[in-house]
Amino acid sequence: YEQIELRILASRSGDEAMKETFREDGDIHTDAAARVYGIDPEDVTADQRRKAKEVNYGIPYGISPWGLAQRLRMPVDEAQTLIKQYQKSYSGVSRLLNDLVEEARDHGYARTLLGRRRYLPNIDSSNGNERSAAERVAVNMPIQGTQADMIKIAMNRVHERLSEEDWDAEMLLQVHDELVFELPPDEVEEVQTMVETEMRDALPLDDVPVVVDIGVGDHWLDAH
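Below is a summary of the structure that appears in this document. (Residues numbered from 1 in each chain as written. Predicted model: local features only at pLDDT ≥ 70, side-chain atom pairs only at ≥ 80, totals over all residues. Heavy atoms only, no water.)

## With respect to the overall build of the chain
So, step 1. Broken down by element type, the chain carries ten helices and four strands.
So, step 2. Starting at the N terminus and ending at the C terminus, the chain contains elements arranged as α-α-α-α-α-α-α-β-β-α-β-β-α-α.
So, step 3. Each principal axis of the C-alpha atoms in the chain carries an extent, and together these give about 55 × 45 × 30 Å.
So, step 4. Sorting the 224 residues of the chain into buried and exposed places 43% on the buried side.
So, step 5. Summarising the internal contacts of the chain: among those between residues at least 6 apart in sequence, 55% fall at separations of at least 24.
So, step 6. Here the chain displays about 12200 Å² of accessible surface, and carbon together with sulfur accounts for 44% of that area.
So, step 7. In the chain, 25 positive and 45 negative side-chain charges are present, and the distance between their average locations comes to 11 Å. (Helix = DSSP H or I, 4+ residues; strand = E, 2+ residues; numbered from the N terminus. Buried < 20%, exposed > 50% of the residue type's maximum accessible area, 1.4 Å probe, protein only. Contact = heavy atoms within 4.5 Å. Areas by Shrake-Rupley, 256 points an atom, 1.4 Å probe, with all protein chains shown as cover. Lys, Arg positive; Asp, Glu negative; His and termini not counted. Charge placed at Lys NZ, Arg CZ, Asp CG, Glu CD.)

## Regarding the pairing of strand β3 (residues 170–175)
So, step 1. Bridging between β3 and strand β4 (residues 178–182) involves five bridges; their strand directions are antiparallel. In the sheet register, Val 175 faces β4, and the bridge partner there is Glu 178.
So, step 2. Between β3 and β4, which follow one another and run antiparallel, lie two residues, and His 176 among them has a positive phi close to 55°. (Pairing = 2+ DSSP bridges.)

## Remarks on the packing of aromatic side chains
So, step 1. Taken as a whole and judged by the stated rule, the model has two aromatic pairs.
So, step 2. Taken together, a centroid distance of 5.0 Å and an interplanar angle of 50° make the contact between Tyr 86 and Tyr 90 tilted. Judged on exposure class, the residue Tyr 86 and its partner Tyr 90 are both buried.
So, step 3. With a centroid separation of 5.3 Å and 65° between ring planes, the pair formed by Tyr 109 and Tyr 119 is classed as edge-to-face. Of this pair, Tyr 109 sits in strand β1 (residues 109–111) while Tyr 119 sits in strand β2 (residues 117–119), and the two are ten residues apart along the sequence. (Phe/Tyr/Trp six-rings, centres within 6.5 Å; stacked < 30°, edge-to-face > 60°.)

## Here we look at the packing of helix α6 (residues 76–89) against helix α7 (residues 91–107)
So, step 1. The geometry of α6 relative to α7 is characterised by a closest axis approach of 5 Å and an angle of 100° between their N-to-C directions. On the basis of their axis angle, the class for α6 and α7 is roughly perpendicular. The segment α6 lies against α7, with Tyr 86, Gln 87, Lys 88 and Ser 89 engaging Ser 91, Val 93 and Ser 94.
So, step 2. When the residues that make up the contact of α6 with α7 are grouped by side-chain class, the tally is two nonpolar, four polar and one charged. (Axes fitted to C-alpha atoms, helices over the stretch in contact; angles between N-to-C directions. Parallel < 35°, antiparallel > 145°, perpendicular 65-115°, else oblique. Nonpolar A, V, L, I, M, F, W, Y, C, P; charged D, E, K, R; others polar.)

## Topic: α7
So, step 1. In this model, α7 (17 residues) spans 24 Å end to end at C-alpha, consistent with the 24 Å of a helix rising 1.5 Å per residue.
So, step 2. All of the buried residues in α7 are Gly 92, Val 93, Ser 94, Leu 96, Leu 97, Leu 100, Val 101 and Ala 104.
So, step 3. In this structure, the buried side of α7 is in contact with α1 (4–13), α2 (16–23), α6, β1 and α8 (128–164).
So, step 4. Positive backbone phi, at 85°, marks Gly 108, one or two positions downstream of α7. (Expected span 1.5 Å × (residues − 1).)

## Some thoughts on a negative patch on the surface
So, step 1. Negative charge collects at one region of the surface, where Asp 166, Asp 168, Glu 170, Glu 182, Asp 186, Glu 189 and Glu 190 lie side by side.
So, step 2. Within the element layout of this structure, Glu 182 appears in strand β4. (Patch = residues over 30% accessible without salt bridge, like charges linked within 9 Å, V, L, I, M, F, W, Y side chains within 5 Å. Salt bridge = Lys/Arg side-chain N within 4 Å of Asp/Glu carboxyl O.)

## Structural notes on the nonpolar core
So, step 1. By size, the foremost hydrophobic cluster in this structure holds 63 residues, and its most contacted members are Tyr 1, Leu 9, Met 18, Leu 68, Tyr 86, Tyr 90 and Met 150.
So, step 2. Sort the elements by how many residues they give to this core and α8 lands first, with twelve residues.
So, step 3. Dropping the residues within four chain positions of it, Met 18 is found in contact with Leu 6, Leu 9, Ala 10, Ile 28, Asn 56, Tyr 86, Tyr 90 and Val 93. (Core = buried A, V, L, I, M, F, W, Y, C linked by side-chain atoms within 4.5 Å.)

## A closer look at α8
So, step 1. With 37 residues, α8 should cover 54 Å at 1.5 Å per step; its first-to-last C-alpha distance of 53 Å lies within 8% of that length.
So, step 2. For α8, the principal kink sits at Asn 140 and spans about 40°; a proline, Pro 142, occurs within the next four residues.
So, step 3. Measuring from the backbone nitrogen of Asn 129 back to the side-chain oxygen at the start of α8 gives 2.9 Å, which picks out Asn 127 as the cap.
So, step 4. Directly after α8, the chain includes Asp 166, whose backbone phi takes a positive value near 55°. (Bend = angle between axes of the 7 residues up to and from the residue. Polar contact = N/O pair within 3.5 Å; in protein donor to acceptor, adjacent residues only side chain to side chain.)

## Quick notes on the environment of Ala 133
So, step 1. On the secondary structure map, Ala 133 appears in helix α8.
So, step 2. Taking the relative accessible area as the measure of exposure, Ala 133 reaches 31% and is therefore partly exposed.
So, step 3. Note: C-alpha distance between Ala 133 and Gly 62 (71 residues apart in sequence) is 9.0 Å.

Following this line, the structure appears as structure tokens:
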């Protein structure tokens, strides 16, 4: 899956800026950098894109200014500014993250798009560290958990297709948002089409395309 957690975030939040980037097949990290730094996308530098990428993947999981500063090796106040600009640029995302914490506080659990739950007994803890940890899970689990649901559905469908259609191809393992297969060369084209279809259609997202990137090689490294 290509940037699937950010696509889920865009869909669930309804953030128009983020959805538009994915609908137009844009570079979400360059777009975030342009918005955060207030410049045109063509003026974004490699370093600015790198920083925006860290913010893109860190914000949905409750990263703090201190944590971002550590990752990017920058002053905490600069990291705080990046986070504030991101929240301003993607206001729909900010609202969703706040809503997810409040929902977890109201119900005592976080849940994926399909309703799978993770209970959070420490969401109202008087211990600040325990409460903060639970709040991070409250925003992380609905996004990362939805991605996990999606790929498990895809794996089941692919397994059924491989069994029913009598291919020699084998699904070896799942690595986060990726599936790894072993197959004879003469099956590559057909199996590639099948896998792409089943992964893409496993759990459609509202107004955001699901994109599957497939590589082929003599071994896993070559396939990347």
